[in-house]
Amino acid sequence: MSNDDTTLGEAAKTRYEFRVWGRHRKARKELARLADERTTEYVEDCYLISDDPSWNAKVRDETLKLKHLVDSAKGFEEWASRRFRTADETPSPYDELFEALRLDRPARGKRWDIETAVERLDPELGIEAIFVEKERVRYRIGSIRAEATDIVLVDRQQTLHTLLIEGGDLDELVALRKQLGLKGEDNIAVHQAIAEAA
């Protein structure tokens, strides 16, 4: 596994991910049993869906986070991720999106509102903005990170349930997937599932 993705620059980090959809109650209970650490968090995101599923873009806390699909192996997807705070460092075509959303304004102490920003997006950019609220339980099992998340699509008031395991050691991840009873399940990235449901 590489430690960076040249598409996102040297600061990008990569990890393997396996995400399933549905409640998966038994897997959630097993994660809780195995976990070394457990935390709960609530977050709001604005996903910026394009026609290229190899890119996952979202705005959280006035920052653009991009994930790029690097590779896949043994049913896992390897994603590189990085947060961007200026248009100059953001890869094309997301530099244009960064500028269109005026994401530089908060850094300059200017008023900014994500809802207003996405309303002003040029339709020719081909971006659909989907607002979500997440209640997420995060787990750590050794070097592996996992999460069980309920995602509310704000405009539709529809809730999706997902479970994720991620990390850098593919063999450990494959073993945990089997232990959780998830072998053979479809691995679908969060932005793709949200786009399909919206």
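It should be noted that the structure appears before, not after, this text.
Residues numbered from 1 in each chain as written. Predicted model: local features only at pLDDT ≥ 70, side-chain atom pairs only at ≥ 80, totals over all residues. Heavy atoms only, no water.

What to know about a negative patch on the surface
Moving on, step 1. Among the surface-exposed residues, Glu 44, Asp 113, Glu 115, Glu 119 and Glu 133 lie close enough to one another that they form a single negatively charged patch.
Moving on, step 2. Among the residues examined, Asp 113 registers a relative accessible area of 36% and is labelled partly exposed. (Patch = residues over 30% accessible without salt bridge, like charges linked within 9 Å, V, L, I, M, F, W, Y side chains within 5 Å. Areas by Shrake-Rupley, 256 points an atom, 1.4 Å probe, with all protein chains shown as cover. Salt bridge = Lys/Arg side-chain N within 4 Å of Asp/Glu carboxyl O. Lys, Arg positive; Asp, Glu negative; His and termini not counted. Charge placed at Lys NZ, Arg CZ, Asp CG, Glu CD. Buried < 20%, exposed > 50% of the residue type's maximum accessible area, 1.4 Å probe, protein only.)

Quick notes on the pairing of strand E7 (residues 144-153)
Moving on, step 1. Among the 10 residues that make up E7, 7 are buried, leaving the element largely enclosed by the rest of the structure.
Moving on, step 2. Strand direction decides the pairing type here: strand E6 (residues 128-141) and E7, joined by 10 bridges, are antiparallel. What sits directly across from Arg 140, in E7, is Arg 145.
Moving on, step 3. Hairpin connection from E6 to E7: 2 residues lie between these consecutive antiparallel strands, with Gly 142 at a positive phi of about 65°.
Moving on, step 4. Here E7 pairs with strand E8 (residues 158-167) via 9 bridges, running antiparallel. (Helix = DSSP H or I, 4+ residues; strand = E, 2+ residues; numbered from the N terminus. Pairing = 2+ DSSP bridges.)

A few points about the layout of surface pockets
Moving on, step 1. Put simply, the largest pocket is a space of about 440 Å³.
Moving on, step 2. For the largest pocket, the lining is made up of 25 residues, of which Arg 15, Lys 65, Lys 67, Ser 81 and Arg 145 are closest to its centre.
Moving on, step 3. Elements that contribute at least two residues to the lining of the largest pocket include exactly strand E1 (13-21), strand E3 (55-60), strand E4 (63-73), strand E5 (76-84), E6, E7 and E8.
Moving on, step 4. Among the elements that take part in the lining of the largest pocket, E1 stands out by supplying 5 residues, more than any other.
Moving on, step 5. A per-class count over the lining of the largest pocket returns 6 nonpolar, 3 polar and 16 charged.
Moving on, step 6. Each pocket or cavity is described by its volume, and for the second largest pocket that value is around 310 Å³.
Moving on, step 7. As for the second largest pocket, its lining consists of 16 residues, of which Glu 44, Asp 45, Ile 114, Glu 115 and Phe 131 are closest to the centre.
Moving on, step 8. Mapped by element, the contributors of at least two residues to the lining of the second largest pocket are strand E2 (37-49), E3, helix H3 (114-119) and E6.
Moving on, step 9. With 4 residues, E2 is the single largest residue contributor to the lining of the second largest pocket. (1 Å grid on protein atoms, 1.4 Å probe; cavity = no way out; pocket = protein on both sides within 12 Å on 5 of 7 lines; lining within 4 Å. Points joined across faces, edges and corners; volume = space filled by probe spheres on them. Nonpolar A, V, L, I, M, F, W, Y, C, P; charged D, E, K, R; others polar.)

Thoughts on empty space enclosed by the protein
Moving on, step 1. The tally for this structure, following the rule as stated, stands at 1 cavity of 30 Å³ or more.
Moving on, step 2. There is about 30 Å³ of room inside the largest cavity.
Moving on, step 3. Contributing to the lining of the largest cavity are Glu 17, Arg 19, Asn 56, Lys 67, Trp 79, Ala 189 and Val 190.
Moving on, step 4. Along the lines of polarity and charge, the residues of the lining of the largest cavity split into 3 nonpolar, 1 polar and 3 charged.

A look at the sheet that holds E8
Moving on, step 1. Reading around the circumference, E1-E5-E4-E3-E2-E6-E7-E8 is the order of the 8 strands in this closed barrel, with antiparallel pairing throughout. Direction aside, the axes of adjacent strands within the sheet are offset by 35° on average.
Moving on, step 2. Of the strand pairs in this sheet, E1 and E5 are connected by 5 bridges, and their pairing is antiparallel. Its bridge partner being in E5, Glu 17 is matched across the sheet by Glu 77. (Axes fitted to C-alpha atoms, helices over the stretch in contact; angles between N-to-C directions.)

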